[in-house]
Amino acid sequence: MFWGEYSHQLDEKGRLIIPVRFRSHLTAGAVLTRGLDRNLVVYPQSAWVSLCDSLNQMPITHPTGRALRRLLFSGAVELALDRQGRVSIPAYLRDYAALNDEVLIAGMETFLELWEPASWRATLNDVTLALAETDYLHNLGIE
């Protein structure tokens, strides 16, 4: 569903063009919220509902459950594509992810991540190092 990396510019009103190949997956509705890595995440409606169901199974007495709810739910906004395939990103979310001009859109199969490009590159470097030092991939049968 969502694969690849795309670079787009925010316009002066904080709008971002969604790549054409992703738009049809977002027309039934989508939600934008904070990501776990100082990025933003776009969930199609069905993926958002599934995530909410999982989060709502976590007891509110558990600190991790509360933290995830605060991060994801307090920042969530419904997205609607305009005629040009743009979405508006509120200022508080742009600030959270340090999005000023260029935005790196990364497909994550069932959702999209929006990154400040330098942060994305640093994250990819960290991922490469972390994967090189683990047996996790071998345990999954990926070699």
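Fair warning: this is a prediction, and the values are worked out from it, not measured in the lab.

Trainee: What's the story with the sheet that holds strand β3 (residues 30-34) in this structure? I'm lost.
Mentor: Each strand in a sheet pairs with another by means of backbone hydrogen bonds, the pair being arranged parallel or else antiparallel. A sheet is described by the order of its strands in space; here 6 strands give the open sequence β1-β7-β8-β4-β3-β5, paired in antiparallel fashion. Looking at strand neighbours, the two that pair on one side only are β1 (5-9) and β5 (77-79), the edges of this open sheet. Neighbouring strand axes in the sheet, compared pairwise and without regard to direction, differ in orientation by 30° on average. As paired strands, β3 and strand β4 (residues 40-44) are joined by 5 bridges and run antiparallel to one another. Within β4, the residue paired with L32 across the bridge is V42. On the sheet, helix α2 (residues 45-57) packs against β3 and β4 and is oriented at approximately 105° with respect to β4. Where helix α5 (residues 117-132) meets the sheet, it contacts β1, β7 (102-107) and β8 (112-115), and its direction lies at approximately 115° from that of β8.

Reading guide: rules and limits
- Residues numbered from 1 in each chain as written.
- Predicted model: local features only at pLDDT ≥ 70, side-chain atom pairs only at ≥ 80, totals over all residues.
- Heavy atoms only, no water.
- Pairing = 2+ DSSP bridges.
- Helix = DSSP H or I, 4+ residues; strand = E, 2+ residues; numbered from the N terminus.
- Axes fitted to C-alpha atoms, helices over the stretch in contact; angles between N-to-C directions.
- Contact = heavy atoms within 4.5 Å.

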